[in-house]
Amino acid sequence: MTPSSDTTATATPTDTTVGLYFHIPFCERICPYCDFAVVAARTLDPAVEDRYVAALLTELEARTADFSQRQLATVYFGGGTPSLLRPESLARLLAAARAAFPASNSESAESAESTEDGEIEITLEVNPSTLERSRLPAFRELGINRISLGIQSFDDTTLKKLGRAHKASESWESLRAARAAGFENLSLDLILACPGQSLASFQRDLESALGFGPEHLSVYELTIESGTPFALANERGQLARPGDDLAAQMLELLVERCRAAGLSRYEISNYARPGFESAHNSRYWARRAVLGTGMGAWSSELPHSELPFGGRRMNPRSLGPYLDSIEGGDRSAVEIDRLSEAQARGEAMFLGLRRASGLAAAAFETEFGGVPRKFYSQQIDRLMHSSLIAENATGDLCLTERGMLLSDTVFANFV
């Protein structure tokens, strides 16, 4: 791989847009590998839902001024399981988003943040279930135009080992229902290197996903997060996970099959047909402004006098403290991670390298006063010697195919 001509390394200085993220923490079941800010809710009490939505609206109103004069570029409902909310709740949130920020319909073609007819990308995460499936037509009527479906696997044995609440048959029903509801931008999530998973079973998952013809595919290797039930089982030697060599074989198969199916790898774990790359997630990798609302949500704070290199603002990860802080107007519960210049440079490096197009030396120099080699010459030489990154004549950098497989090793050089 060589650096692309459309490399993006840093936050665009002239960017006047904002992406909006709503975190909906409620889940029918908390998976044993999950480290997200979630709350178990087998059935979502309408009173709890209304209180939470009211808190989101209050937080959005309070935070709009911090991103004033920006145009709305993307909206993302994540979780948790945001599709557990009633359509009328999502309608209230979308109306507030549009009222807070004027829509950005004049984005350049390179940004891929608006569709051909001028719609901004509005994504809703959905899990396969009868309740959520029945709401898909109403969600589409609200203007939601992208569905991210948490399939994880098409194998019932693997789903059971992952602690998922659905079966493979429900995934197929949900996929067909999404198409029937008019969704033309579907993203499927898969997990590889699951407990007990073989190369053959992963290949069946992959062929099932690609055979449906999704516009986007996200495939993540299972990671063991501290404090989760999987972490405890792993410590006790009770989690039969594929070894590194088998996981690497799965990743190589993934790249090969996606390429053959017309899905290009545009980020380490993400593949898409041309024009269907996730505009919202691309904002994170390009370090563009994102306003996050909800329990455990974080925002990319814009640089200003007290945060010359920006930062991250994190909400409380528990429901009670989050609601209390919003309803009481108490900002002391919010954590602010102030970035130093060195931290901002490191983030620009590893986030830029996540993208297949790579990291542009000129943009990096504009922000930090020097090309990457000025700060990381030894690391770049070492990684190039190990065939993990490639560099072109202008100093642009990108991961090699081998670097994609060993990306954590690469990123450790910049943090």
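The rules behind each value
- Residues numbered from 1 in each chain as written.
- Predicted model: local features only at pLDDT ≥ 70, side-chain atom pairs only at ≥ 80, totals over all residues.
- Heavy atoms only, no water.
- Helix = DSSP H or I, 4+ residues; strand = E, 2+ residues; numbered from the N terminus.
- Rg over C-alpha atoms; globule rule 2.2 N^0.38 Å.
- Buried < 20%, exposed > 50% of the residue type's maximum accessible area, 1.4 Å probe, protein only.
- Core = buried A, V, L, I, M, F, W, Y, C linked by side-chain atoms within 4.5 Å.
- Polar contact = N/O pair within 3.5 Å; in protein donor to acceptor, adjacent residues only side chain to side chain.
- Contact = heavy atoms within 4.5 Å.
- Pairing = 2+ DSSP bridges.
- Disulfide = S-S within 2.5 Å.
- Axes fitted to C-alpha atoms, helices over the stretch in contact; angles between N-to-C directions.
- Expected span 1.5 Å × (residues − 1).
- Parallel < 35°, antiparallel > 145°, perpendicular 65-115°, else oblique.
- Left-handed = near helix turned anticlockwise from the far one by under 90°.
- Nonpolar A, V, L, I, M, F, W, Y, C, P; charged D, E, K, R; others polar.

Student: Just to check I follow, could you spell out the overall build of the chain for this structure?
Tutor: A count of helices and strands for the chain gives 16 helices and 16 strands. Relative to the globule expectation of 22 Å for 415 residues, the C-alpha radius of gyration of the chain, 21 Å, shows essentially globular dimensions. Seen along its three principal axes, the alpha-carbon backbone of the chain occupies a region of about 60 × 55 × 45 Å. For the chain, with 415 residues in total, the buried portion stands at 53%.

Student: Looking at this structure, I do not really get the nonpolar core. What am I missing?
Tutor: A general feature of soluble globular proteins is that nonpolar side chains tend to end up buried together. Among the nonpolar cores identified, the biggest contains 67 residues, and F22, L217 and L254 are the most heavily contacted of them. Here this core takes seven residues from helix α9 (residues 244-260), the largest share from any one element. I380, L388, M404 and V410 belong to the second-largest nonpolar core, a separate cluster that totals 20 residues.

Student: Would you explain the side chain of E59 in this entry?
Tutor: Here E59 shows up in helix α1 (residues 46-63). According to the relative accessible area criterion, E59 is buried, its value standing at 3%. Among the polar contacts made by the side chain of E59, one reaches the main-chain amide nitrogen of G294 at a distance of 2.9 Å. Excluding anything up to four places from it in sequence, E59 contacts G292, T293, G294, R313, N315, Y322 and I326.

Student: How do you make sense of the pairing of strand β1 (residues 17-24) when you look at a structure like this?
Tutor: Within a regular strand, side chains alternate between the sheet's two faces. β1 sits mainly inside the fold: eight of its eight residues count as buried. Where burial is concerned, the two faces of β1 agree: the one with T17, G19, Y21 and H23 and the one with V18, L20, F22 and I24 are both buried. Note: β1 against strand β4 (residues 71-79), eight bridges, orientation parallel. Paired with I24 across the two strands is G79, which belongs to β4. Examined bridge by bridge, β1 and strand β11 (residues 290-293) share four bridges and lie parallel to one another. Following the sheet pairing, F22 is matched in β11 by T293.

Student: Sorry, what's going on with the state of the cysteines here?
Tutor: By definition, a disulfide links the sulfur atoms of two cysteine residues through a covalent bond. With the rule as written, the count across this model stands at zero disulfides. Of all cysteine sulfurs in the structure, the one in C31 sits closest to C34, which takes part in no disulfide; the separation is 6.4 Å.

Student: Would you mind going over the environment of F154 with me for this structure?
Tutor: Take F154: it is sitting in the loop between β6 (146-152) and α5 (156-162). Sequence separation of F154 and V38 is 116 residues, and the distance between their C-alpha atoms is 24 Å. Apart from the residues lying within four places of it in its own chain, the contact partners of F154 are A168, S171, W172, L175, L190, D205, S208 and A209.

Student: It is not clear to me how the side chain of T228 should be interpreted in this structure. Could you clarify?
Tutor: Locating T228 in the fold gives a position in the loop between β8 (216-221) and α8 (229-235). If near-sequence neighbours (up to four positions away) are discounted, T228 is found in contact with P32, Y33, C34 and D35.

Student: Is there a simple way to think about the sheet that holds strand β7 (residues 186-192) in this case?
Tutor: One key point about sheets: their strands pair by backbone hydrogen bonds, in either a parallel or an antiparallel sense. One open sheet holds the nine strands; their spatial order is β9-β10-β8-β7-β6-β5-β4-β1-β11, and the pairing between them is mixed. Lying at the two open borders of the sheet, with one neighbouring strand each, are β9 (264-267) and β11. On average, each strand axis in the sheet is inclined to that of its neighbour by 20 degrees, with strand direction left out of account. Pairing geometry for strand β5 (residues 121-126) and β6, over four bridges, is parallel. Each residue of the ladder has a partner; that of V126, found in β6, is L149. Strands in contact with α9 are β7, β8, β9 and β10 (270-272); relative to β8, the strand with the most contacts, it is inclined by about 170 degrees.

Student: Please clarify how the sheet that holds strand β14 (residues 335-338) should be interpreted in this entry.
Tutor: Across the sheet, which stays open at both edges, the three strands sit in the order β12-β13-β14 with antiparallel pairing between neighbours. In this open sheet, the two strands that pair with only one neighbour each are β12 (298-301) and β14. On average, each strand axis in the sheet is tilted by 20 degrees relative to the strand beside it, whichever way the strands run. Inspection of the sheet shows β12 paired to strand β13 (residues 311-314) by four bridges, in the antiparallel sense. Counterpart to S299 in the pairing with β13 is R313.

Student: Would you take a moment to explain α9 for this structure?
Tutor: A rise of 1.5 Å per residue sets the reference length of α9, with its 17 residues, at 24 Å; its end C-alpha atoms lie 24 Å apart and thus fit the reference within 8%. Within the span of α9, buried status applies to A247, M250, L251, L253, L254, V255 and C258. Buried residues belonging to α9 abut β7, α7 (199-212), β8, β9, β10 and α15 (401-405). Following α9 by one or two positions, G262 has its phi on the positive side, about 90 degrees.

Student: What am I meant to see in the packing of α7 against α9 here?
Tutor: If you want to describe how two helices pack, look at the angle between their axes and the distance between the axes. At a closest axis distance of 10 Å, the pairing of α7 and α9 adopts a crossing angle of 25 degrees. It follows from the interaxial angle that α7 and α9 lie roughly parallel. Considering the relative orientation of α7 and α9, their crossing is right-handed. Residue-level contacts link L199, F202, Q203, L206, E207 and L210 of α7 to L246, Q249, M250, L253, L254, R257 and C258 of α9. Residues belonging to the contact of α7 with α9 are distributed by class as follows: nine nonpolar, two polar and two charged.

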